[in-house]
Amino acid sequence: RAAEQTGDADLAQRENYLMKACLRGLAESGDGAAQRPYLVTHVSDEYDLLAALNKEVAQQRQVSNERGLFDVILCTDGSELWFDVSSSLTTPSFT
């Protein structure tokens, strides 16, 4: 949006392409079911994917089990989407 507002059409086009590629990657990481949750790195990824899927949050809860830590979002349309947030708890190793 910033590139569009400053009139930089080339940058806006590149940024739009990258945004769509990232959303595709998130969407292809799972199907949102408990057995195949979407893999996210940041909570903001959840909301970006929800917006792309035209979903709105009705409720949110966290589930921890032997498979990891999950954000479970109940959407206003009655669907439930699972997001694996386990990787967000891992401290990166910089060597």
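Residues numbered from 1 in each chain as written. Predicted model: local features only at pLDDT ≥ 70, side-chain atom pairs only at ≥ 80, totals over all residues. Heavy atoms only, no water.

On to the overall build of the chain. Check the secondary structure of the chain and you find 3 helices and 4 strands. Starting at the N terminus and walking to the C terminus, you meet the elements of the chain as α-α-β-α-β-β-β. With respect to the principal axes defined by its C-alpha atoms, the chain has extents near 50 × 45 × 20 Å. Across the 95 residues in the chain, those meeting the buried criterion constitute 27%. Once local pairs closer than 6 in sequence are excluded, the contacts in the chain between residues at least 24 apart make up 32%. By element, 51% of the accessible surface of the chain is carried by carbon and sulfur atoms, the whole surface being about 6,700 Å². Measuring between centres, the 8 positive side-chain charges of the chain sit 4 Å from its 15 negative side-chain charges. (Helix = DSSP H or I, 4+ residues; strand = E, 2+ residues; numbered from the N terminus. Buried < 20%, exposed > 50% of the residue type's maximum accessible area, 1.4 Å probe, protein only. Contact = heavy atoms within 4.5 Å. Areas by Shrake-Rupley, 256 points an atom, 1.4 Å probe, with all protein chains shown as cover. Lys, Arg positive; Asp, Glu negative; His and termini not counted. Charge placed at Lys NZ, Arg CZ, Asp CG, Glu CD.)

For the structure shown, the criterion picks out 2 aromatic pairs. Between the aromatic rings of tyrosine 38 and phenylalanine 83, the centroid separation amounts to 5.5 Å while the plane-to-plane angle is 35°, which identifies the pairing as tilted. Taken together, the residues span a long stretch of sequence, with tyrosine 38 in strand β1 (residues 38-39) and phenylalanine 83 in strand β4 (residues 80-84) at a distance of 45 residues. Comparing tyrosine 38 with phenylalanine 83, the two get one shared label, buried. (Phe/Tyr/Trp six-rings, centres within 6.5 Å; stacked < 30°, edge-to-face > 60°.)

Fair warning: the whole summary comes from geometry, so function is off the table for now.
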